[in-house]
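Close look at the chain arrangement
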Amino acid sequence: MDRKLNIVIMGGGGILDQHAPGFERMSDFCEVKAVAEPDESRHERIRSLLKNPKLPIYENYEKLYELEDIDAVDIILPHHLHMDATIKAAQKGWHVLTEKVMARNTWECDRMIEACNAAGVRLVVCHDRRYAGHWVALKKVIESGVLGRILFWKLEHNQDVIFPPNAWVRHKDMIGGGAIMSCLTHQIDALRWMGGEIEQVNCMTVTEPGRMEGECIGLIGAQMQSGSIAQLSINWYTQSNGPPGFPLWYEFIHVTGTEGEAYFMAGFENGTFVKPRTPREKDETYSNDNVSFTFKAGEQGFFKVDHKHIDSGHVKCIEEFVKAARGEEALILTPGSDTVKTVEVAEAAYIAQVKNCNVSLPLKDRVRWEDRPY
Ligand SMILES: NC(=O)c1ccc[n+]([C@@H]2O[C@H](COP(=O)([O-])OP(=O)(O)OC[C@H]3O[C@@H](n4cnc5c(N)ncnc54)[C@H](O)[C@@H]3O)[C@@H](O)[C@H]2O)c1
């Protein structure tokens with residue numbers, strides 16, 4: 001492409017803070033032409049984040065389809081709008097980047113994939129963790145083989161999520177269930193990325209109606225195709241990301257293998273760490289794709305993993321999406337065709353919860369949101 005990629009953004013809420021630096025980084029290659037955001041109190045912030053005081057802002061994402069010469073869209077809307085916004089964008093021939101979660105269930109994801117395939121445009125889901133430095137570092141540790149055969153995964157997502165009374169996130173129909181579909185999908189996606197596909201799941205949830213209609217706490221037990229098992233939990237009722245001085249952790253992954261273990265922690269002691277089961281007799285350094293760590297001779301503690309990757313997964317994902325939409329070589333780790341499987345695991349967990357049983361993947365029935373059994 002011998003000009004800048006013209007892009008529009010649908011929605012100008014909280015997550016724009018993370019997306020705007022991505023567009024700034026790629027400003028030689030793309031230009032944000034317009035935004036849609038009905039809440040006028042957010043307009044000044046949007047123009048300021050995108051560093052364009054004259055940026056046109058429309059009251060509804062539908063209005064953006066009337067614009068000419070647009071190449072791509074960044075969808076950061078509530079989840080119940082992701083499918084509609086994607087299908088219409090594809091029909092305009094626009095490449096699509098959509099925030100996680102891809103959509104409310106697999107049926108909706110399938111329609112998005114179909115529409116983008118039919119139009120010959122890219123469909124990328126901003127599951128930002130796959131692009132973020134410390135998460136990449138953990139994946140490289142596992143790929144190095146130093147942990148041996150992986151036996152157990154523990155993945156946690158902790159947050160104190162309190163929404164205003166009218167927030168879309170409080171409504172099951174808008175968020176697509178509750179905290180599991182909305183945010184534990186970060187952990188499900190990371191698990192699939194690092195550990196391969198999931199064979200079956202069970203699930204328990206806690207609902208606290210003062211917070212939201214759907215669950216605000218959820219626990220998934222997963223059997224992996226590899227033979228290992230995983231425990232994934234989301235807790236939107238903890239203050240562990242709370243006041244300074246009391247940081248427990250916010251997101252945490254612990255991987256146990258036959259030869260060692262590793263963890264990633266965001267919040268307290270931010271970073272990725274690895275420990276051999278048996279101390280080494282001499283220093284051993286592992287290095288792969290800008291990720292490195294050294295097992296120091298005679299020491300058996302956890303060693304910090306160094307990496308040279310960008311720590312903001314959003315920025316990196318936007319960089320790769322812009323390259324892909326321009327027809328350039330790009331590292332797309334989260335195409336819709338893959339990310340639908342993350343939604344499928346969360347959907348299977350909801351079915352397991354209401355049926356009180358294990359549910360095997362892949363799911364046999366993919367049904368409209370209105371016809372779901374949970
Ligand atoms: N990757 C992450 O870590 C992360 C974190 C937070 C949110 N997200 C995702 O980002 C997306 C948006 O979440 P958010 O936290 O920014 O929510 P938000 O509520 O802050 O923002 C959503 C915005 O969409 C606007 N909107 C609603 N209907 C619209 C319409 N018809 N046309 C145009 N705009 C409309 C709302 O007014 C609101 O400002 C969701 O998919 C969410 O899951 C991702």
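Residues numbered from 1 in each chain as written. Predicted model: local features only at pLDDT ≥ 70, side-chain atom pairs only at ≥ 80, totals over all residues. Heavy atoms only, no water.

1. Things to note about helix 1 (residues 16–25)
As a reminder of what qualifies: Buried means the residue's accessible area, taken with a 1.4 Å probe over protein chains only, is under 20% of the maximum for its type, while exposed means over 50%, and partly exposed covers the values in between. Here a strand is any run of E in DSSP of at least two residues, a helix any run of H or I of at least four, and the numbering for each starts at the N terminus. Here the arc refers to the set of directions running from the helix axis out to each C-beta atom.
Here helix 1 has its buried residues at L16, H19, A20, G22 and F23. Viewed end-on, helix 1 has its buried residues packed into an arc of 160°, placing them on one side of the element.

2. Describing the domain arrangement of the protein
Keep this limit in mind: Domain boundaries shown here were taken from an automatic or database domain assignment. Any two residues having at least one pair of non-hydrogen atoms within 4.5 Å are treated as being in contact. Once two parts are put together, the accessible area they lose, assessed with a 1.4 Å probe and summed over both, is termed the buried area. Think of a salt bridge as a Lys or Arg side-chain nitrogen and an Asp or Glu carboxyl oxygen that are within 4 Å of each other. As used in this structure description, the phrase polar contact means that two N or O atoms lie within 3.5 Å; if the pair is within protein, one of them must be able to donate a hydrogen and the other to accept it, and residues adjacent in sequence are counted only when both atoms belong to side chains. Each residue is assigned to one of three groups, with Ala, Val, Leu, Ile, Met, Phe, Trp, Tyr, Cys and Pro labelled nonpolar, Asp, Glu, Lys and Arg labelled charged, and all others, Gly among them, labelled polar.
Split into domains, the protein comes out as domain 1 (5–129 + 313–335) and domain 2 (132–307). Placing a centre on the C-alpha atoms of domain 1 and another on those of domain 2 gives a separation of 27 Å. The partner domain 2 presents 17 residues to the 13 residues of domain 1 that form the contact. Taking both partners together, domain 1 and domain 2 bury about 1,300 Å²; carbon and sulfur atoms supply 57% of that area. For the pair domain 1 and domain 2, the number of links is one salt bridge. Of the charged contacts in the structure, one is a salt bridge between R129 and E251, with a shortest N-O distance of 2.7 Å. Taken together, domain 1 and domain 2 are joined by eight residue pairs in polar contact (both at pLDDT 80 or more). Tallied by class, the residues present in the side of domain 1 that touches domain 2 amount to four nonpolar, five polar and four charged.

3. Describing the packing of helix 6 (residues 133–144) against helix 8 (residues 179–195)
Test applied: Only the stretch in contact is used when fitting a helix axis, every axis being a line fitted to C-alpha atoms; angles between N-to-C directions are given from 0 to 180 degrees. In this scheme, a crossing is called left-handed if the near helix is turned counterclockwise away from the far one by less than a right angle; it is called right-handed if the turn is clockwise.
Close contact between helix 6 and helix 8 brings their axes to 10 Å; oriented N to C, the two are set at 30°. Crossing handedness for the pair helix 6 and helix 8: right-handed. Residues W135, V136, L138, K139 and I142 of helix 6 pack against Q187, A190, W193 and M194 of helix 8.

4. Side note on the pairing of strand 9 (residues 217–224)
Sheet faces and side chains relate simply in a regular strand, where the side chains alternate between the two faces. Operational definition: Pairing between two strands is assigned when DSSP locates at least 2 bridges connecting them.
Burial along strand 9 is one-sided: G218, I220, A222 and M224 are buried, and none of I217, L219, G221 and Q223, which face the opposite way, are. Direction of pairing for strand 8 (residues 198–206) relative to strand 9: antiparallel, over a ladder of eight bridges. Across the sheet, the residue bridging to N202 is G221, located in strand 9. With seven bridges connecting them, strand 9 and strand 10 (residues 229–235) associate as antiparallel partners. Bridging from a neighbouring strand, A222 pairs with A230 of strand 10. The antiparallel hairpin formed by strand 9 and strand 10 contains four residues in its connecting segment, where G227 sits at a positive phi of about 105°.

5. As for the side chain of R130
With respect to the helices, strands and loops of the structure, R130 is situated in the loop between strand 6 (123–126) and helix 6. When residues no more than four places from it in sequence are discounted, the contact partners of R130 are V136, D189, R192, W193, L333, T334 and D338.

6. Quick notes on the pattern of salt bridges
Where charged atoms of side chains with opposite charge meet at close range, the side chains can pair. As enumerated under the stated definition, the model contains 30 salt bridges in all. Residues K88 and E62 are paired through a salt bridge, measuring 3.0 Å at the closest nitrogen-oxygen approach. You can see K88 sitting in helix 4 (residues 82–91) and its partner E62 sitting in helix 3 (residues 61–64), a full 26 residues away along the chain. Its relative accessible area of 26% is what places K88 among the partly exposed residues. E62 sits in the partly exposed class, given a relative accessible area of 34%. Residues D84 and K88 are paired through a salt bridge, measuring 2.9 Å at the closest nitrogen-oxygen approach. In this pair, D84 and K88 are both assigned in helix 4, four residues apart and thus about one turn of the helix distant. Several salt bridges converge on common partners, so that one network encompasses R25, K316, E319, E320 and K323.

7. Overview of the site of the ligand
Here is the rule we go by: A single heavy atom is enough: if one lies within 4 Å of a molecule or strand, its residue is considered near that molecule or strand. Per-residue and other accessible areas follow the Shrake-Rupley method at a 1.4 Å probe size, with only the shown protein chains counted as cover for residues.
In the neighbourhood of the ligand, 23 residues make up the surrounding shell, with E37, R42, H79, K100 and W168 lying closest. Take L77: an N or O atom from its main chain is 3.5 Å from an oxygen atom of the ligand. The contact in question runs from an oxygen atom of the ligand to an N or O atom on the backbone of K100, over 2.7 Å. Summarising the interface, the protein chains cover 80% of the accessible area of the ligand, which totals 840 Å² for the free molecule. Residues belonging to the shell around the ligand are distributed by class as follows: nine nonpolar, eight polar and six charged.

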